[in-house]
Amino acid sequence: MWMVYRTSGEEQEKAVKDTLEMLRAIEAHGLVDKKYFGGDKIGIVDIAFGQIAQWLGIIENIVGVKLLEAHKFPRLHAWIKNFKEVPIIKENLPDRDEMMVVYKRFREMLLTSSRDS
């Protein structure tokens, strides 16, 4: 997922393909008949995958690539909704607009420095 953010061109195309493969595996094996990865309550695996809930949408917007389409990943979409509604998570999610600004600037710096290398 981060390689989609950190790359462009052919490298980004490969990163998109790899990320979609990873998301398909999570969709197929991680959330079968469960609200959260561990069952009915949020657990450590949910925390570990929490970046998908907030950051993936921001990355998609910045790079202009849609990865997590609802019709392709209905379980992950439901999980994101459930995860973001957990009070402790909801209260501590970073501001989306602020993240967009920071991540956009950082990506520009990454791409510029990789071209200069």
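Residues numbered from 1 in each chain as written. Predicted model: local features only at pLDDT ≥ 70, side-chain atom pairs only at ≥ 80, totals over all residues. Heavy atoms only, no water.

## Describing the overall build of the protein chain
No. 1: A count of helical and extended segments in the protein chain gives 7 helices and 0 strands.
No. 2: Dimensions of the protein chain along its principal axes, counting C-alpha atoms only, are 50 × 30 × 25 Å.
No. 3: Looking at the protein chain as a whole, 38% of its 117 residues qualify as buried.
No. 4: In the protein chain, the proportion of contacts linking residues at least 24 apart, taken out of those at least 6 apart, comes to 74%.
No. 5: Carbon and sulfur atoms provide 55% of the accessible area of the protein chain, an area that totals close to 7500 Å².
No. 6: Across the protein chain, 18 positive and 18 negative side-chain charges occur, with their mean positions spaced 2 Å apart. (Helix = DSSP H or I, 4+ residues; strand = E, 2+ residues; numbered from the N terminus. Buried < 20%, exposed > 50% of the residue type's maximum accessible area, 1.4 Å probe, protein only. Contact = heavy atoms within 4.5 Å. Areas by Shrake-Rupley, 256 points an atom, 1.4 Å probe, with all protein chains shown as cover. Lys, Arg positive; Asp, Glu negative; His and termini not counted. Charge placed at Lys NZ, Arg CZ, Asp CG, Glu CD.)

## Quick notes on the environment of Tyr36
No. 1: The residue Tyr36 is located in the loop between α2 (9–29) and α3 (44–48) in this model.
No. 2: Accessibility expressed as a relative area gives 6% for Tyr36, which makes it buried.
No. 3: Separated by 28 residues in the primary sequence, Tyr36 and Gly64 have C-alpha atoms spaced 28 Å apart.
No. 4: Contact partners of Tyr36, with chain neighbours within four places excluded, come to Leu31, Lys41, Ile42, Asp46, Trp79, Asn82, Phe83 and Val86.
No. 5: Reaching out from Tyr36, the side chain makes a polar contact with the backbone oxygen of Asn82 at a distance of 3.4 Å. (Polar contact = N/O pair within 3.5 Å; in protein donor to acceptor, adjacent residues only side chain to side chain.)

## Considerations on the side chain of Gln54
No. 1: One can find Gln54 in helix α4 (residues 50–63).
No. 2: Note on Gln54: relative accessible area 7%, which makes it buried.
No. 3: Once residues within four sequence positions are removed from consideration, Gln54 is found in contact with Lys84, Leu93, Pro94, Arg96 and Met99.

## Thoughts on the nonpolar core
No. 1: Residues Leu23, Ile52, Leu56, Leu67, Leu68, Leu76 and Trp79 are the most contacted members of the largest nonpolar core, which totals 31 residues.
No. 2: Take this core: its biggest share by element is 7 residues, from α4.
No. 3: Other than its neighbours up to four places away in sequence, Leu23 contacts Ile52, Leu56, Leu67, Leu68, Phe73 and Leu76. (Core = buried A, V, L, I, M, F, W, Y, C linked by side-chain atoms within 4.5 Å.)

## Focus: the confidence of the model for the protein chain
Detailed reading of the predicted model is not advised wherever pLDDT is low.
No. 1: Mean pLDDT over the protein chain: 90, with 98% of residues reaching 70 or higher.
No. 2: Averaged over each element, pLDDT in the protein chain is lowest for helix α1 (residues 2–6) (85) and highest for helix α5 (residues 74–85) (94). (pLDDT = per-residue confidence, 0-100.)

## Some words on the pattern of salt bridges
No. 1: A complete count under the given rule lists 4 salt bridges for this structure.
No. 2: Asp18 serves as the salt-bridge partner of Lys14, at 2.8 Å between the closest nitrogen and oxygen. In this pair, Lys14 and Asp18 both sit in helix α2, 4 residues apart, roughly one turn of the helix.
No. 3: Exposure remark for Asp18: the relative accessible area of 37% places this residue in the partly exposed category.
No. 4: A salt bridge links Glu60 to Lys66; its shortest N-O distance comes to 3.4 Å.
No. 5: We classify Glu60 as buried; its relative accessible area is 8%. (Salt bridge = Lys/Arg side-chain N within 4 Å of Asp/Glu carboxyl O.)

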